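Geometric and topological summary
The lines below spell out each chain.
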Amino acid sequence: YSSGRGDTMRRHILLGITGGMGSGKSYVAKVMESCLSIPVYDCDSHAKRLCNEDEDVRRKLSDLVGVELYAGGMLVKTVLSRYLFSSRDNADKVEAIVHPAVRRDLERWTATRQETIVAVESAILYESGFNSLTDFVLYVDAGLETRIQRAMSRDGLTRRDVESRMALQQADEARGKADFIVDNNGTDRDRMEGVLREIITFVESNIKNKQSC
């Protein structure tokens, strides 16, 4: 069967998981992996890995940000964050280097999986263009204050820092484009598993319909 959004034949259905900062995307992804046995590619963690391991990415980022970006051969996250979140233009420049490498890595990862349904988690699924690889998109939603408090607690940031980073995301636009919206305002694990199972059942029925065509 073919991808729902692409025009090439491939073996997998790829489900995108996205949402604003502090919405709980990683929590939803973990429930999906542990309870539904669906592997999830976490773009953020793999981007960090590639920034350390991919020589082309390292060279381009060093040229862009400066030699202080790497110390002892490892990425200094605070230096990158300071540059990245200082302006939209800076973020665009970093993303132009990192996103193509992550996309290639995602495509390689997907090709190695044997499961029919796989997922990709990305806070900037649409901004990066990764949504073009997906068949369905799941948007994780939560109230603004809940998201702010989660991000402050998780990352040790000030409220002002969180709000400035949220301003760089296009969460409302992504919400309007998603196929599924999941409420994560303190949803317990059992309830979240039930919601995700319903979504996967829908996706599986879509696979069967494609196979019968």
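These lines cover the structure that appears in this document, whether it is placed above or below. Quick caveat, the model's predicted, so the values are computed rather than measured. (Residues numbered from 1 in each chain as written. Predicted model: local features only at pLDDT ≥ 70, side-chain atom pairs only at ≥ 80, totals over all residues. Heavy atoms only, no water.)

**Remarks on the overall build of the protein**
When helices and strands are counted, the protein shows nine helices and seven strands. For the protein, the C-alpha atoms occupy an extent of roughly 55 × 40 × 30 Å along the three principal directions. Within the protein, the fraction of its 213 residues that count as buried is 46%. Across the protein, every contact between residues at least 6 apart in sequence was considered, and the portion connecting residues at least 24 apart equals 73%. Counting every atom, the protein has about 11,000 Å² of accessible surface; 50% of that belongs to carbon and sulfur. Here the protein holds 31 positive side-chain charges and 33 negative ones, and the gap between their average locations is 1 Å. (Helix = DSSP H or I, 4+ residues; strand = E, 2+ residues; numbered from the N terminus. Buried < 20%, exposed > 50% of the residue type's maximum accessible area, 1.4 Å probe, protein only. Contact = heavy atoms within 4.5 Å. Areas by Shrake-Rupley, 256 points an atom, 1.4 Å probe, with all protein chains shown as cover. Lys, Arg positive; Asp, Glu negative; His and termini not counted. Charge placed at Lys NZ, Arg CZ, Asp CG, Glu CD.)

**Remarks on the sheet that holds strand β5 (residues 117–121)**
Working definition: the strands of a sheet are paired by backbone hydrogen bonds and lie parallel or antiparallel to each other. Strand order in the open sheet formed by five strands is β2-β5-β1-β6-β7, with parallel pairing between adjacent strands. If you trace the sheet from one side to the other, it starts and ends with β2 (40–42) and β7 (180–183), each paired once. Averaged over neighbouring strand pairs, the angle between their axes works out to 25° when direction is ignored. Each of β1 (13–19), β2, β5 and β6 (136–141) is contacted by helix α1 (residues 25–36), which is oriented at about 150° to β1, the strand it contacts most. Sheet strands touched by helix α2 (residues 43–53): β2 and β5. Its angle to β2, the strand with the most contacts, is close to 50°. (Pairing = 2+ DSSP bridges. Axes fitted to C-alpha atoms, helices over the stretch in contact; angles between N-to-C directions.)

**Focus: the nonpolar core**
One recurring pattern in soluble globular proteins is that nonpolar side chains are buried together. Core analysis: the biggest nonpolar cluster contains 35 residues, and Leu61, Leu69 and Val102 have the highest contact counts within it. Of all the elements in the fold, those that place two or more residues in this core are α2, α3 (55–65), α4 (77–84), α5 (88–112), β5, β6 and α8 (171–177). At eight residues, the largest contribution of residues to this core is made by α5. Listed in part, the 23 residues of the second largest apolar core include Ala29, Met32, Met192 and Ile200. (Core = buried A, V, L, I, M, F, W, Y, C linked by side-chain atoms within 4.5 Å.)

**A closer look at the state of the cysteines**
In the structure shown here, the tally under the stated rule is zero disulfides. With no disulfide of its own, Cys51 lies 12 Å from the sulfur of Cys43, the closest cysteine sulfur. Classification of Cys51 by relative accessible area gives buried; the value is 4%. (Disulfide = S-S within 2.5 Å.)

**Brief notes about unusual backbone geometry**
A negative phi angle is the norm for most residues apart from glycine, just as the trans form is the norm for most peptide bonds. The backbone phi angle of Ser37 is positive, close to 60°, even though this residue is not glycine. Its location among the elements puts Ser37 in the loop between α1 and β2. A residue is classified by how much of its surface remains accessible, and Ser37, at 56% relative accessible area, is exposed.

**Some remarks on the packing of aromatic side chains**
According to the stated counting rule, one finds four aromatic pairs in the structure shown. Taken together, a centroid distance of 5.9 Å and an interplanar angle of 40° make the contact between Phe136 and Phe180 tilted. Here Phe136 is found in strand β6, whereas its partner Phe180 is found in strand β7, with 44 residues between them in sequence. Residue classification places Phe136 among the buried residues on the basis of a relative accessible area of 9%. According to the relative accessible area criterion, Phe180 is buried, its value standing at 13%. (Phe/Tyr/Trp six-rings, centres within 6.5 Å; stacked < 30°, edge-to-face > 60°.)

**A few points about the environment of Val195**
Note that Val195 resides in helix α9 (residues 189–212). Placed 145 residues apart in sequence, Val195 and Leu50 show a C-alpha to C-alpha distance of 33 Å.

**Notes on helix α7 (residues 159–168)**
Along α7, the positions that sit buried rather than exposed are Val162, Arg165, Met166 and Leu168. In a view along the axis of α7, the buried residues occupy a sector of 150°, so they form one face of it. Away from the buried face of α7 by more than 90 degrees, exposed residues Arg160 and Ala167 are located. Residues of α7 that are buried sit in contact with α4, α5 and α6 (144–155). (Arc of directions from axis to C-beta.)

**Observations regarding the environment of Tyr70**
Looking at the element boundaries, Tyr70 is found in strand β3 (residues 70–71). Non-local contacts of Tyr70, meaning those with residues more than four positions away in its chain, are made with Cys51, Asn52, Arg58, Leu61, Ser62, Leu75 and Val76. In this structure the side chain of Tyr70 is engaged in a polar contact, spanning 2.4 Å, whose partner is the backbone oxygen of Cys51. (Polar contact = N/O pair within 3.5 Å; in protein donor to acceptor, adjacent residues only side chain to side chain.)

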